[in-house]
Structure formats: structure tokens, C-alpha cells
Amino acid sequence: MLRPLLRWYNIRHLTKSTNHIFSRALTPRLFYTNQDSSLSKILQYPFTHNEITSNCVDLDTPHECIHVDEDDSPYVFTEFISSAAKLGAFDLGIQLHCTVLKMGFCSNVYVTTSLVDMYGKCGEILCAQQLFDEMPHRNVVTFSSLISGYVNAHDPEMAIEIFIVMLNMGRGPTLHSVSAALVGCAQLKDGRLGAQVHGLCLKSRFESDVVVGTSLIEMYLKSYDVEASRRVFDGVIDKNVVTWTSMISGYSLAQRPDEAMILVRSMLRLGVGANFLTYNCLLISFTFPSDFDHFKQVHCHVIRQGLESNHYLSVSLMTMYSKSSNAEDFLKICSTVKIWDQITWNGVIAGLAKLQKGKEALVCYYKMRHRGINVDVFTLVAILKAMGNIAALDEGIQTHGLVFKIGYASNLSVQNGLVSMYAKCGRIADAEKVFSSIIEHDVISWNSLLAGCAHNGYGRKALELFEQMRRTIIKPDLTSFLAVLTACSNEGLLEKGLEYFDMMRNDDSLDPPKVEHYACVVNLYARAGYIYEAESFINSMSIKPGPTVYKALLSACQLYGNKEIAIRNAPKLKELCPNDDSTYVLISNVLATGGYWDDAAGLRNLMYDKGVKKQPAYSWILSNKNGLRSHSNRICGYG
């Protein structure tokens, strides 16, 4: 709270002092300065609020009056206005504009161009446009300033329109105007229009300029054309850290971490130092568990350069460690964080939710609220996920009320989080109410309700929802098919489940089925008593069977007493999960059910010899303290 107040005081004091100076300078057209000072020192660029303010205060003391030539006066105003634009000092800019009008410089193209630039950088694009329209003379810099203003105001259509008008009038192009136009194309995500501007760059021989080249890279990346970005990147002669980081960011967004790593190595080898943005772009490119080794290498580089305490890098590191299910390292990163703002709290809560530590996520959420940190969409989505994981229904209902209170009830991400939270808590009716309130559903909306119905015994309803989804423009993905296959398995609908599996497998627009989908089909066969068909299906799988596949088969063997298939497949499961306690218990139970008591006992002894202990089961209960849910372990026998 103190920093905004200080900034307000500086601007207030600055504008007041400057107004006093220019009011005295109106009539004689004189500027005042100390004998040991000079005009160039006062107008030294760039400078801070304090430097300007101190110079303005010095001008209130007795001074020697010096004359400024008529030709120098516009330059003086241009420097002051440019400084106000850099600082974003809108109040000072208005006073300077008034002084310009009083002193008769409104027809000077350089002064008025600097005013257009000032209004654009201060976010007052309508004032910039009005001044532009009133100017008797305009040059290419004037057009470029207005184009940049519209780009800063996120109005790329007008920016491109003015750029075309400028070209039709025979003005330009220049490096600055082309760069601004390319930023507008990037905001529009219009690759075809950007390619036309690229052609203009080639004709004007701007393509090798680092600023234009970086703008071209960003434009093609926003248009999802990574290869075109790389061609531009290779053509830029003097690449700086911004150029390298832009290309690395492109590979990161395209989920191509290998190319991003190669680019960083080349960058460092050429002596271009990476900054925190470079490493941040590289870190977010690691999305798969197989990327974790590369991630650790990058983390070492971050530590070596002393950037580990950087605010944004800390959040990225936390996110990656939560994705890798490494709770210990995640908590270590949390302990190094120095700035606890909204971004940090969101990262911690989201990481704990991903690590299935719902209770800890709730504690952090309450601390965040207690310290007065505002809640945003990311906070709500993360905490709703944590509440769903631990079935914290009461806390979820309270959060639902907060959603309405702070005005996020119509946000799609929050609505999807509410649907998922209610569904995981078993409140399907409430989940359906939130689902019905969504104006435009996406695939996450459907999947959240589908999964909730499938896992809470509403199999028939899940099938109806799936068929309803297929009639919409939303195309089911692999998660949708997994939910409906789970519903078919729970309901014993073998033929329907096989029909959906074939539909998914034959859809060329979808990725190949995952091991979870195959496990659902095995479970379908097993629940219907078709044990041999389930084993045959496993042997015909196009991917390597996972533990869930064999566990489904062995569970069916235990249920139906099929010793033959159990003995054939038990070693395969033990090979896949040599240290998993549930694997030993399942195989032991199958052997015991088949009458192989000695083998079952030998397996239990082997389990104890390897130090594998069966984890006790637990159930959730509601604690009186803080309304949080905690779990209570109960001792379970091995029999």
C-alpha cells in the first residue's frame, strides 16, 4: 500500500513544481537555471521521478535568467514530453500540452508528435487520435506514434488501418512503424496479414534488423507457425537476449522442449547471457515426466546464476516439481520464496492440489485470505480442485458463495471447477445445476460431469450425457471416452463399452488409446466373467500393458477362482511393480483363493523380506477444528 502512495506523491509534487516553472516561463519565453547547471543536465534522459523533482525544486531558488533561442524551444518541450511519456506521468503531460498551446508550438510537428506519443503511452488513445486529427502537418514518426498507441491500447484493427493509410500516403515505412504493425498482427493472430507485412520488410531490407526480426518472430508464434519463426530467427544478424528468448518461448508453447534446450545451449555458447525470462520460458516447456532430467539441469543453471530467488522462477519451479509428484523438493522451493503475493500463493495452492495434499492447500488458502491477498480465477480453480480431492463439501459450498460475491460466477474455468468439485463430493444434482448455468460448455465442462456420474454410480446418466455431448459441436476426447468406459464397466455394459472403445480407436483425430482405456476394457470383460477373452485382449494390445491392466485381470481371477490365468499373469504384475504393496497382497489373495496356501504365505514372506509394507486404509471424517477434513487411519489385517 505504501508504494502506490509514494508514486502518487512524486507525480503530484512533480506536476505541481513543473506547472510553477512553465507558468513563469510563459510571457518572456525564458527558462531558469542555476549558474552551475545547464539545460542539458536538467533534460538528461532517461531520469527518474526524484531526479526531475529535485531539479524542479532547485528552480524555486534565486536563479540567473538565461535566454533560450527560438529554435531550441521546441526541442526543450519535446524532451520534457518524451520524459513524461516514459514515466507515464499523464498529469504532467496534460500541463505540458497546455503550455505548448499557450506558447504557440501547436503547429510544430515534432512537439505535437511527442504529445501523440505521450498520450498513447499513457493509455489515452482517444486524446492521441484527436490531436493527430487536428495536426496541420504529420510525418512518418507521427503515424508510427499513433500506431504504437493503438497497439498499446490493444486495438490492433485501428493500428493496421492507420499503417495502411500511412503507406497509401507515401509515408514510410520505417523500422518503428513496421515493428508496431507486426505487433498488431500478432495481437490479431493473423498470419496472412503478418506475412504481407513480412514481404514489405523484405522489400525495405528490414528483415535482418533485430527489432523487426523479433517482432516477426513473435507474430509468427502468435499465428502458431513455429517453422516460419525459426526461419526469421536464423536470418537475424545481431540477435539479443530478447530475440533468443522469443524463439525459446515459441518452442516452449509448441511443447518442443528438446529444441528449446538446444537453443539455450547455443545461446550460452555464443556468449549471450540468459535472463530469468529465458529460463522461465524453458521451464514451462517441460510437461512430461520424461523431461524431468532436463528440468533438473535447468534448475542447476538457475542456482548457478543466482536466480533461484527470482519471484517468477520460483513459481515455475514449484509448478514443475508438483507435476513430477516430488513433494519434498516442492516444499524446499516454497521455503526459499521471499515475496508472498497473489502469484506465489496461487502457485503453492495449485501445487499442493496437484500433489493431492488438499488439507495443506486449504490451510494455505485460509492464510492467503487472512493476509488480505485478493483471490482471482487461478486461486479459485486451484482451491476447488483441492476441495474436490478431499471431498471438502462444506468448504466448497462456502467458496461457491465467494464466487458469486466477487463476480466470477460466469467465468468458465471457475464454473468447471465447481462442477468437478461437486461431482467429486458426490453431489451430482448440484454439479448438474452449475453445468446447466454454463452458457457455452467446453470439453472440460462435459468431462467433469461425465467423470462424476461414472464414479458415483450414475452409469446410465453418464451414457446419456455422453450421447448428448456427441450431438453438440464439442468433440469427445480421450478423457471423455475414459469416463464413459468406466461407466460401462460399473454398469456391466460389455457390448456398449466395446462399441465406444472401437469408436475411439478408429477416430483418426484422437491420439491412440492409453493404458487406462485398455484397463477399462479388461475390467469390462472381467466383470462379465469373460476371463479368457480378457487375457486374449491383453495379449493383443498395441501398447505395453500397465499394472492397472493386470490388476483388473487378477481381481477377476480371484472373484471367479481362475487359478490357471492367475498363475500365468501374476509374475508379469510382480515384474512391473516389484515394490508395490497392493501387488503382493492381490497376488497372495488370488493364490489363497485357489488353495495355494504355501505359495501365498511364501509371497507374504518375500514381501516382508523386501521391506514392502502394506499401507493401512483410511477414511475421511469431518473435524470440528476449523471445519477442515482430516483422515483417520484404521488398522487392517492381511487376511
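Please read these numbers as outputs of a predicted model, since none were measured by experiment.

**A look at helix α33 (residues 563–576)**
Here's step 1: For α33, with 14 residues, the first-to-last C-alpha span of 20 Å sits near the 20 Å given by 1.5 Å per residue.
Here's step 2: For α33, the principal kink sits at asparagine 569 and spans about 35°; a proline, proline 571, occurs within the next four residues.
Here's step 3: Residues of α33 that are buried: Ile565, Ala566, Asn569, Ala570 and Leu573.

**As for the side chain of threonine 214**
Here's step 1: Mapping threonine 214 onto the fold places it in helix α12 (residues 210–222).
Here's step 2: The contact partners of threonine 214, leaving out residues within four places of it in the chain, are Val242, Thr243 and Ser246.

**Focus on the confidence of the model for the protein**
Here's step 1: Looking at the protein, the pLDDT average stands at 79 and 78% of residues meet or exceed 70.
Here's step 2: This model gives residues 1–70 a pLDDT under 50, and the stretch forms 84 contacts once residues within four places in sequence are excluded.
Here's step 3: Note that pLDDT drops below 50 for residues 625–639; the model gives that stretch 39 contacts with residues more than four away or on any other chain.

**A word on the pattern of salt bridges**
Here's step 1: Under the defined criterion, the tally for this structure stands at 13 salt bridges.
Here's step 2: Salt-bridge contacts for lysine 461 lead to glutamate 432; the nearest nitrogen and oxygen are separated by 3.4 Å. Note that lysine 461 is positioned in helix α27 (residues 459–470) and glutamate 432 in helix α25 (residues 428–437), a separation of 29 residues in sequence.
Here's step 3: Across the pair lysine 496 and glutamate 499 runs a salt bridge, and its minimum N-O distance is 3.8 Å. You can see lysine 496 and its partner glutamate 499 sitting in helix α29 (residues 494–505), 3 residues apart, about one turn around the helix.
Here's step 4: Taken together, the salt bridges that share partners define one network made up of Glu227, Arg256 and Glu259.

**A look at the layout of surface pockets**
Here's step 1: Of the volumes computed, that of the largest pocket is approximately 660 Å³.
Here's step 2: In this structure, the largest pocket is lined by 25 residues; those nearest its centre are Val315, Thr319, Gly347, Ala350 and Phe378.
Here's step 3: Only α16 (276–283), α18 (311–323), α20 (342–354) and α22 (377–389) provide two or more residues apiece to the lining of the largest pocket.
Here's step 4: It is α20 that contributes the most residues to the lining of the largest pocket, 8 residues altogether.
Here's step 5: Counted by class, the lining of the largest pocket contains 12 nonpolar, 9 polar and 4 charged residues.
Here's step 6: In this structure, the second largest pocket occupies an estimated 360 Å³ of space.
Here's step 7: Listed by contribution, the elements that provide at least two residues to the lining of the second largest pocket are α22, α24 (412–424) and α26 (443–455).
Here's step 8: A total of 7 residues in the lining of the second largest pocket trace back to one element, the largest contributor, which is α24.
Here's step 9: Here the lining of the second largest pocket is built from residues that sort into 6 nonpolar, 8 polar and 3 charged.

**Focus on the packing of aromatic side chains**
The description of an aromatic ring pair rests on the distance of the ring centres and on the angle between the ring planes.
Here's step 1: Inspection of the entire model under this criterion finds 14 aromatic pairs.
Here's step 2: Here the aromatic rings of phenylalanine 466 and phenylalanine 481 are separated by 5.3 Å at their centres, their planes lie at 65°, and the arrangement is edge-to-face. Of this pair, phenylalanine 466 sits in helix α27 while phenylalanine 481 sits in helix α28 (residues 478–491); the two residues are 15 residues apart in sequence, bridging distant segments of the chain.
Here's step 3: Between phenylalanine 466 and tyrosine 500, the ring centres sit 5.0 Å apart and the planes meet at 75°, which makes this aromatic pair edge-to-face. Note that phenylalanine 466 is positioned in helix α27 and tyrosine 500 in helix α29, a separation of 34 residues in sequence.

Parameters at a glance
Residues numbered from 1 in each chain as written. Predicted model: local features only at pLDDT ≥ 70, side-chain atom pairs only at ≥ 80, totals over all residues. Heavy atoms only, no water. Helix = DSSP H or I, 4+ residues; strand = E, 2+ residues; numbered from the N terminus. Expected span 1.5 Å × (residues − 1). Bend = angle between axes of the 7 residues up to and from the residue. Buried < 20%, exposed > 50% of the residue type's maximum accessible area, 1.4 Å probe, protein only. Contact = heavy atoms within 4.5 Å. pLDDT = per-residue confidence, 0-100. Salt bridge = Lys/Arg side-chain N within 4 Å of Asp/Glu carboxyl O. 1 Å grid on protein atoms, 1.4 Å probe; cavity = no way out; pocket = protein on both sides within 12 Å on 5 of 7 lines; lining within 4 Å. Points joined across faces, edges and corners; volume = space filled by probe spheres on them. Nonpolar A, V, L, I, M, F, W, Y, C, P; charged D, E, K, R; others polar. Phe/Tyr/Trp six-rings, centres within 6.5 Å; stacked < 30°, edge-to-face > 60°.

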